[in-house]
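Take a look at the letters that make up each chain.
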Amino acid sequence: MKRLLVIALMGLFTMAVSAKCVGGQWLRQLAVYNDSVFGVNTAVPTGFVGGTDAMNLMEYAPNDTWKSPLAGNRGRYLYSATALSKDKECMILYPYLIFVRSKVDTTLDMAFACCQKQVADEIEVAVAQEGGDRASLSAIPVTRMGGAEAMQWGHADSVYIVDFPVAKPCLGRFTHCVAVYMGKSGRTPIFLKILLTDKGYARRAAFLAAARGCMGYLGRPMLAEQKSALPTNALLNIHKARVTRLRHGEPLP
């Protein structure tokens, strides 16, 4: 049975490599993993190039610096791959998807609760980096979408888009961060980050339109249990990736 499962997964891997517009072996592996485990499509938008083939997870939060005053990992999230626009004015961070199950209460689905908490935590972290107070939190624009508008973002039920204040550039050039949080009932949430230069931010709408196609919910459900993903994990070595820190500003000496 195990041998048959491995053969089936290898067949899925081969089909995904030929069917999806993804760049690099690492991104192709992630596309298979996200597709088979979470029912999520992963692709590189037109006009972008997939990132490095190295198995590498990045820990990132908007405006988080090497001198972050906040302890722990609050507001930070892991990202599993990148895609860079050909003009190098935009970089997309693809999230490392995790299992989210059950209900928080009778009215609020876990996926939406996770989106709301991640939005709140990341806004607070971003403001705190520059000594902002709680009054500064309301100054950060948050766009909320539902219905047909949210469906345009990978068939999501609900979408939040946040323009974060960036005091120090990331990687020496990205001076803006637009975050997209997608939620769908009964499914794992998707947290995208879109890093932009000043020139890239002038074309914000075009880059957001391109990012709409890079991840989305497919018509089939995710696996019922996390342990069901273990054969896929073993085959693709997703969980053996290294974790590096991606921060704003210059690294500490």
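Residues numbered from 1 in each chain as written. Predicted model: local features only at pLDDT ≥ 70, side-chain atom pairs only at ≥ 80, totals over all residues. Heavy atoms only, no water.

1. Concerning the overall build of the chain
Here's step 1: Assigned secondary structure in the chain consists of 7 helices and 11 strands.
Here's step 2: The buried share of the chain, taken over its 253 residues, is 49%.
Here's step 3: Look at the contacts in the chain between residues 6 or more apart in sequence, and 65% of them connect residues 24 or more apart.
Here's step 4: Of the roughly 12,000 Å² that the chain leaves accessible, carbon and sulfur atoms contribute 58%. (Helix = DSSP H or I, 4+ residues; strand = E, 2+ residues; numbered from the N terminus. Buried < 20%, exposed > 50% of the residue type's maximum accessible area, 1.4 Å probe, protein only. Contact = heavy atoms within 4.5 Å. Areas by Shrake-Rupley, 256 points an atom, 1.4 Å probe, with all protein chains shown as cover.)

2. Structural notes on helix 2 (residues 25-38)
Here's step 1: Along its 14 residues, helix 2 runs 19 Å from first to last C-alpha, staying within 8% of the 20 Å computed at 1.5 Å per residue.
Here's step 2: Most of helix 2 is tucked away, with 12 of its 14 residues classed as buried.
Here's step 3: At the C-terminal side of helix 2, G39 shows a positive phi close to 65°. (Expected span 1.5 Å × (residues − 1).)

3. Observations concerning the side chain of E89
Here's step 1: Turning to its location among the elements, E89 is positioned in the loop between strand 4 (77-85) and strand 5 (90-95).
Here's step 2: Sequence-distant contacts of E89, defined by excluding residues within four places in its chain, comprise R173, F174, L195, L196, T197, K199, G200, R203 and F207.

4. A word on the confidence of the model for the chain
Here's step 1: Looking at the chain, the pLDDT average stands at 76 and 71% of residues meet or exceed 70.
Here's step 2: Below pLDDT 50 for its whole length, residues 1-22 participates in 25 contacts with residues either more than four positions away or in separate chains. (pLDDT = per-residue confidence, 0-100.)

5. Re the pattern of salt bridges
Oppositely charged side chains can pair when the atoms bearing their charge come close.
Here's step 1: Here the structure, examined in full by the defined rule, presents 8 salt bridges.
Here's step 2: Here D163 makes a salt bridge to R204, at a shortest N to O gap of 2.8 Å. Here the residue D163 occupies a position in strand 7 (residues 158-164), and R204 occupies one in helix 6 (residues 204-211), the gap between them amounting to 41 residues.
Here's step 3: Given the relative accessible area of 15%, D163 is considered buried. (Salt bridge = Lys/Arg side-chain N within 4 Å of Asp/Glu carboxyl O.)

6. A word on helix 3 (residues 110-128)
Here's step 1: Counted at 1.5 Å a residue, the expected span for helix 3 with its 19 residues is 27 Å, and the 27 Å between its end C-alpha atoms agrees.
Here's step 2: Every buried residue belonging to helix 3 is among A111, F112, A113, C115, Q118, V119, D121, E122, I123, V125, A126 and V127, and all of these are buried.
Here's step 3: Of the surrounding secondary structure, the elements contacted by the buried residues of helix 3 are strand 4, strand 6 (142-146), strand 7, strand 8 (176-183) and strand 9 (190-196).

7. A short note on unusual backbone geometry
In terms of backbone geometry, most residues other than glycine have negative phi values and most peptide bonds are trans.
Here's step 1: Its identity is not glycine, yet H155 carries a phi of approximately 60°, on the positive side.
Here's step 2: As for its placement among the helices and strands, H155 is situated in the loop between helix 4 (147-151) and strand 7.
Here's step 3: H155 sits in the partly exposed class, given a relative accessible area of 44%.
Here's step 4: Of note, the phi angle at L171 is positive, near 60°, even though the residue is not glycine.
Here's step 5: Following the sequence through the fold, L171 ends up in the loop between strand 7 and strand 8.

8. Some points on the pairing of strand 5
Here's step 1: Strand 5 sits mainly inside the fold: 6 of its 6 residues count as buried.
Here's step 2: Residues C90, I92 and Y94 point to one face of strand 5 and M91, L93 and P95 to the other, with burial holding for every one of them.
Here's step 3: For strand 4 and strand 5, the ladder comprises 5 bridges, and the chain directions are antiparallel. Each residue of the ladder has a partner; that of A83, found in strand 5, is I92.
Here's step 4: Between the antiparallel neighbours strand 4 and strand 5 lie 4 residues, among them K88 with a positive phi of about 65°. (Pairing = 2+ DSSP bridges.)

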